[in-house]
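# Descriptive structure summary
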Amino acid sequence: MGIYGKAAIIAAKELQINKNAHPREVWKKSVSNFTNKKSSIEKGCPQTTFLILCKEGFIKNVSTNFEMKNELFVSQPTTFQKFIYIWLNLKVWLHFHSI
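So, here is what we can say about the structure in this document.

So, how was this worked out
Residues numbered from 1 in each chain as written. Predicted model: local features only at pLDDT ≥ 70, side-chain atom pairs only at ≥ 80, totals over all residues. Heavy atoms only, no water. Helix = DSSP H or I, 4+ residues; strand = E, 2+ residues; numbered from the N terminus. Polar contact = N/O pair within 3.5 Å; in protein donor to acceptor, adjacent residues only side chain to side chain. Contact = heavy atoms within 4.5 Å. Axes fitted to C-alpha atoms, helices over the stretch in contact; angles between N-to-C directions. Parallel < 35°, antiparallel > 145°, perpendicular 65-115°, else oblique. Left-handed = near helix turned anticlockwise from the far one by under 90°. Nonpolar A, V, L, I, M, F, W, Y, C, P; charged D, E, K, R; others polar.

## Looking at the side chain of T35
Tracing the backbone shows T35 in the loop between α2 (23-31) and α3 (38-41). Polar contacts involving the side chain of T35 include one to the main-chain amide nitrogen of K37, which spans 3.1 Å. In this structure, T35 is in contact with I3, S40 and I41, ignoring residues within four places of it in sequence.

Written out as structure tokens, the structure reads:
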């Protein structure tokens, strides 16, 4: 699993514990556990994918009540592919680690 899949799992856990945290900030913090590179931390496709998963209720026990600003919604093939990749990684992880 790559850094974004690992970051998604860490971010999901953090959001389940800290109900008042904003998914965007938790995502950035989680990615920064794996890299200090600003471009990697702010990379749009994985971040947007994670935010969409949160907003649409795909991550158990995470609030969907947050605002997304000008996100690119799964309209480009690369974004869609990353959405599926991260979603499947989370689904498999959640299957084996009931959060």
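## What about the packing of α2 against helix α4 (residues 44-55)?
Following both chains from N to C, one finds α2 and α4 inclined at 135 degrees, their axes separated by 10 Å at the closest point. Looking at the two axes, α2 sits oblique to α4. As for how α2 packs across α4, the hand of that crossing is right-handed. Of the residues in α4, those touching α2 at P23, R24, W27 and K28 are P46, Q47, F50, L51 and C54. Here the contact of α2 with α4 is composed, by residue class, of 6 nonpolar, 1 polar and 2 charged.

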